[in-house]
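Working through the structure, step by step
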Amino acid sequence: MKPGMIVTASMLTTIAAVILLVALQSLHTRTWGGEKAEPVTASHQPVQLTNDNLVDVLRSLHMSTPIARVEWKQSILTIDLKVKGTDTTYTEIYESMAAVADLSFRGLENVEQVLLRVMAEDEWMHKRHLLLAADIRRGEWPMYAIDMLRTWKSAVFSEELKDWFHLMQTELWRKQFEMTSQG
């Protein structure tokens, strides 16, 4: 066999092998419905929260209320959410609170308690003021409580939500949200 034919034959064989591998990979990652298959345990396997993965885990939260401060110590996650100005609504705050609770108790297996504070930040005075606080503990509320909080449509909490999540609203919360929602 001539050297030119050997090179051509090996190139054609390599190209055919690449095309075959791509085709096999495409068939392997598709289900009968044509959608990409996901590993069964990928999203359902709880993660262990550590100081090493804290930032990456919290980055997965897509919240309209930004995190101002976070601390992880002995199965207790402490988070301060920051509210600037009057543009943030109480429903946005509830959605953010529910996202933190959902991640902490459905997605992380070693979080036993979340201490969550919602802080108003005064841009002029450079001071922070407490609006709302929650002490959410694993096993002290039904799992549907997270969805109830996420979809709550009143600035005033139900007694159930207050009890389950140990919610405390300040006078500033009442002035900012409760009184404006009544008027």
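Described in the following lines is the structure provided in the data block.

Cut-offs and rules
- Residues numbered from 1 in each chain as written.
- Predicted model: local features only at pLDDT ≥ 70, side-chain atom pairs only at ≥ 80, totals over all residues.
- Heavy atoms only, no water.
- Helix = DSSP H or I, 4+ residues; strand = E, 2+ residues; numbered from the N terminus.
- Buried < 20%, exposed > 50% of the residue type's maximum accessible area, 1.4 Å probe, protein only.
- Contact = heavy atoms within 4.5 Å.
- Areas by Shrake-Rupley, 256 points an atom, 1.4 Å probe, with all protein chains shown as cover.
- Pairing = 2+ DSSP bridges.
- Polar contact = N/O pair within 3.5 Å; in protein donor to acceptor, adjacent residues only side chain to side chain.
- Core = buried A, V, L, I, M, F, W, Y, C linked by side-chain atoms within 4.5 Å.

**Looking at the overall build of the protein**
In terms of helices and strands, the protein carries six helices and five strands. Listing every helix and strand of the protein by position from the N terminus yields α-α-β-β-α-β-β-α-α-β-α. Classification of the 183 residues of the protein by burial places 33% in the buried group. Nonlocal contacts in the protein, meaning residues at least 24 apart in sequence, comprise 57% of its contacts between residues at least 6 apart. As presented, the protein carries roughly 11900 Å² of accessible surface, and 59% of it is formed by carbon and sulfur atoms.

**Re the pairing of strand 1 (residues 67-73)**
Examined bridge by bridge, strand 1 and strand 2 (residues 76-84) share six bridges and lie antiparallel to one another. Bridging from a neighbouring strand, I67 pairs with L81 of strand 2. If you look at the hairpin formed by strand 1 and strand 2, you'll find two residues sitting between the two strands, and Q74 has a positive phi there, around 50°.

**Concerning the side chain of S104**
Structurally, the position occupied by S104 is in helix 3 (residues 90-107). We classify S104 as buried; its relative accessible area is 0%. Reaching out from S104, the side chain makes a polar contact with the backbone oxygen of V100 at a distance of 2.7 Å.

**Details of the nonpolar core**
Formed by 44 residues in total, the largest nonpolar core has its most connected members in M97, V118, L132 and F165. With ten residues, the single largest contributor to this core is helix 3. Residues in contact with L132, not counting those within four places in the same chain, are I93, M97, L116, R117, V118, F157, L167, M168, Q169 and W173.

**What to know about the environment of E121**
Note that E121 resides in strand 3 (residues 113-122). Given the relative accessible area of 24%, E121 is considered partly exposed. Spatially, the C-alpha atom of E121 lies 9.7 Å from that of A68, the residues being 53 residues apart in sequence. In contact with E121, other than residues within four places in its own chain, are K82, V83, K84, G85, K127 and R128.

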